[in-house]
Amino acid sequence: MGAYVDQVISGVKERFYWQKEFIQAAEEVLQSLNPVIEQHPEFQEQSVLERIVEPERIIMFRVPWQDDNNKVQVNRGFRVEYNSAIGPYKGGMRFHPTVNLGVLKFLGFEQIFKNSLTGLPMGGGKGGSDFDPKGKSDSEVMRFCQSFMRELYRHIGSNTDVPAGDIGVGKREIGYLLGMYKKLTNLHDGGVLTGKHIGWGGSLIRPEATGFGAVFFLNEMLKAKGESMEGKKALISGSGNVAQHAIEKLAELGATPISCSDSGGSVIDPDGITGEKLEFLMDLKNVRRGRVREYAEKFSSATYHEGKRPWGAAKAELALPCATQNELNLDEAKALKDNGLMAIAEGANMPSTPDAIEFFIANKIAFGPGKAANAGGVATSGLEMSQNSLRLGWSSEEVEKRLHTIMVDIHKNAMEAAAQYGTPGNYVNGANIAGFLKVAKAMIDQGVV
């Protein structure tokens, strides 16, 4: 059966050799499925692996828009509708210069299994554009979003494909996109997009969900080791939405978050980023759009490390990479271990390199992969869809309670799947297997489509 998995991986590498991020994601998932294929030969007979690595549909289009100098600019728009076996396509839209088809296929492929793990009826998809909202006026962003939606609206719907926000797409962009969608369709279909403002169909706790969920998952991993958050120091990368709320929940559960970072460098604050310090960080990044070095200039307890990531810069038992893909390499993993790392949960998508992941697992460091640990964001998007369908809103306490239950269940299912298929304690294999089984069985039940 191992030959079958190797054959599929070789085919992916041959056909998509230039899509490095997608190859990395596909290989990581497929390699963990060998024990599943051995117990379920029907997956090979029905070519499930060949089918699951191919998106059901890829939409690519040009996005012309006019800047404030009346010059016409042209960007590229994408939507990868990957797999709808268990529900409508669901996944974010990313507006960033690095966006290309390979990146979106990697994100969409991961989204299939992440969404499956939540237990909610959501398929996998991802989209976006190489448009960069940074430095653009509100009017320019609005004109771009309206042009983007003039094509995208043909392909989405609350029962078809439900995009959300991602890097570069927040409430402002979602608002402009939904406004044009309503204009084009004559439908007030609020459920077609998630990540909306709370005043017009958004869900409480959605901004906090990914960071909160990663900490909930990390806490469950610690419990499985007979440990707790109390008194432990945590290194966090990033300083955006996910990192901020991970820092908030870590402190609430008794840990001491001691770092944050951005593309310029990282800050280490051994006294903890809590209270007024966290408020300053949130204002700095969310309102003033500043750099984290200003945090170190403000608080004497902090030091700024130009051009460096926080990994290994201080002793810490916990780590949460919350920035971007491949931000934590093997040398940094070794430094983390030497400084006392006990558990790590990925708040970002694929932030750890494959050799770093292998090192963590080989050294018995509890490792929570992104598709499990950061599933809280899309889980709460699913809860937003539910509220939109019911035409009501839940309290923040109700949403957080449901989010916590989902994250506890994801941990439980990943742990049980890992043990059942011969790799106890390996959350990477467990999450891949648990997410895959639900989708694969649905694909077989629905025939060759």
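How each quantity is defined
- Residues numbered from 1 in each chain as written.
- Predicted model: local features only at pLDDT ≥ 70, side-chain atom pairs only at ≥ 80, totals over all residues.
- Heavy atoms only, no water.
- Helix = DSSP H or I, 4+ residues; strand = E, 2+ residues; numbered from the N terminus.
- Rg over C-alpha atoms; globule rule 2.2 N^0.38 Å.
- Buried < 20%, exposed > 50% of the residue type's maximum accessible area, 1.4 Å probe, protein only.
- Contact = heavy atoms within 4.5 Å.
- Lys, Arg positive; Asp, Glu negative; His and termini not counted.
- Charge placed at Lys NZ, Arg CZ, Asp CG, Glu CD.
- Pairing = 2+ DSSP bridges.
- Axes fitted to C-alpha atoms, helices over the stretch in contact; angles between N-to-C directions.
- Core = buried A, V, L, I, M, F, W, Y, C linked by side-chain atoms within 4.5 Å.
- Polar contact = N/O pair within 3.5 Å; in protein donor to acceptor, adjacent residues only side chain to side chain.
- Parallel < 35°, antiparallel > 145°, perpendicular 65-115°, else oblique.
- Nonpolar A, V, L, I, M, F, W, Y, C, P; charged D, E, K, R; others polar.
- Salt bridge = Lys/Arg side-chain N within 4 Å of Asp/Glu carboxyl O.

(A) Here's a closer look at the overall build of the protein chain. Regarding its fold elements, the protein chain presents 18 helices and 13 strands. A globule of 449 residues ought to have a C-alpha radius of gyration of about 22 Å, and the protein chain, at 21 Å, matches this closely. Counting only C-alpha atoms and orienting by the principal axes, one finds that the protein chain spans roughly 60 × 55 × 45 Å. For the protein chain, the residues scored as buried account for 57% of the 449 residues in total. The long-range fraction of contacts in the protein chain, counting pairs at least 24 apart against all pairs at least 6 apart in sequence, stands at 72%. Charged side chains in the protein chain number 50 positive and 54 negative. The centres of these two groups are separated by 4 Å.

(B) Fine view of the sheet that holds strand 2 (residues 72–83). Strand order in the open sheet formed by five strands is 1-2-4-3-5, and the pairing between neighbours is mixed. Every interior strand has two partners, whereas the edge strands, strand 1 (57–66) and strand 5 (161–164), have only one. Neighbouring strand axes in the sheet, compared pairwise and without regard to direction, differ in orientation by 20° on average. With six bridges connecting them, strand 2 and strand 4 (residues 123–129) associate as antiparallel partners. Of the residues in strand 4, the one forming a bridge with Val 80 is Lys 126.

(C) How the structure looks around unusual backbone geometry. If you check the backbone angles, Ile 205 has positive phi at about 75° while not being a glycine. Of note in the backbone geometry, Arg 289 takes a positive phi value of approximately 55° without being a glycine. Checked against the element boundaries, Arg 289 lands in the loop between helix 11 (276–286) and helix 12 (293–298). The class for Arg 289 is exposed, based on a relative accessible area of 65%.

(D) Seen up close, the nonpolar core. Counting 102 residues, the largest nonpolar core has Phe 109 and Phe 436 as its most contacted members. Counting residues per element, this core draws most heavily on helix 18 (residues 427–445), which supplies ten residues. Not counting the four nearest positions on each side in its chain, Phe 109 is found in contact with Phe 22, Ala 25, Ala 26, Val 29, Ile 52, Val 53 and Tyr 82.

(E) Representation of the environment of Glu 42 in the model. Secondary-structure assignment places Glu 42 in helix 4 (residues 42–45). Relative accessible area serves as the criterion here: at 29%, Glu 42 is assigned to the partly exposed category. In sequence terms Glu 42 and Ile 444 are 402 residues apart; their C-alpha atoms lie 8.6 Å from each other.

(F) Representation of the side chain of Asn 75. Following the sequence through the fold, Asn 75 ends up in strand 2. Looking at Asn 75, its side chain comes within polar contact range of the side chain of Trp 65, at 2.8 Å. In this structure the side chain of Asn 75 is engaged in a polar contact, spanning 3.1 Å, whose partner is the side chain of Asp 130. Apart from residues no more than four positions distant in its own chain, Asn 75 is found in contact with Phe 61, Arg 62, Val 63, Trp 65, Ser 129, Asp 130, Phe 131 and Phe 144.

(G) Region of the structure containing the environment of Gly 272. With respect to the helices and strands, Gly 272 occurs in the loop between strand 9 (265–268) and helix 11. By relative accessible area, Gly 272 is classed as buried at 1%. Taking the C-alpha atoms as reference points, Gly 272 and Arg 76, separated by 196 residues in sequence, lie 42 Å from one another. Discounting residues that sit within four places of it in the chain, Gly 272 has contacts with Thr 256, Pro 257, Lys 277 and Tyr 295.

(H) Structural view of the side chain of Lys 371. Mapping Lys 371 onto the fold places it in helix 15 (residues 370–373). Beyond its immediate sequence surroundings of up to four residues, Lys 371 is in contact with Glu 28, Val 29, Glu 110, Phe 113, Lys 114, Leu 117, Ala 431 and Asn 432.

(I) Representation of the packing of helix 10 (residues 241–252) against helix 11 in the model. Two elements in contact, helix 10 and helix 11, have axes whose closest approach is 11 Å; the angle formed by their N-to-C orientations is 170°. Considering the angle they form, helix 10 stands roughly antiparallel to helix 11. On helix 11, the residues touching Gln 244, His 245, Ile 247 and Glu 248 of helix 10 are Leu 278, Leu 281, Met 282, Lys 285 and Asn 286. Of the residues in the contact of helix 10 with helix 11, the class split is four nonpolar, three polar and two charged.

(J) Representation of the pairing of strand 1 within the structure. The sheet contact formed by strand 1 and strand 2 spans ten bridges and is antiparallel. Bridging from a neighbouring strand, Trp 65 pairs with Gln 73 of strand 2.

(K) Quick look at the sheet that holds strand 10 (residues 303–306). If you trace the three strands from one edge of the open sheet to the other, you get 8-9-10, paired in antiparallel fashion. Both outer strands of the open sheet, strand 8 (259–262) and strand 10, are each paired with one neighbouring strand and no more. For this sheet, the mean inter-axis angle between neighbouring strands, taken without regard to orientation, is 20°. Alignment of strand 9 against strand 10, held across four bridges, turns out to be antiparallel. Pairing of Ser 266 across the sheet is with His 305, part of strand 10.

(L) Broad picture of the pattern of salt bridges. As enumerated under the stated definition, the model contains 26 salt bridges in all. Arg 172 is paired through a salt bridge with Asp 138; the nearest N and O atoms lie 2.7 Å apart. Of this pair, Arg 172 sits in helix 8 (residues 171–185) while Asp 138 sits in helix 7 (residues 138–152), placing them 34 residues apart in sequence. Looking at Asp 138, the relative accessible area reads 46%, which means it is partly exposed. The partner of Lys 223 in a salt bridge is Glu 220, and the shortest N-O contact between them spans 3.4 Å. Here the residue Lys 223 and the residue Glu 220 both occupy positions in helix 9 (residues 206–224), the gap between them amounting to three residues, near one helical turn. Shared partners join several salt bridges into a network, and the residues in it are Glu 28, Glu 110 and Lys 371.

All we've got here are geometric facts, nothing functional implied.
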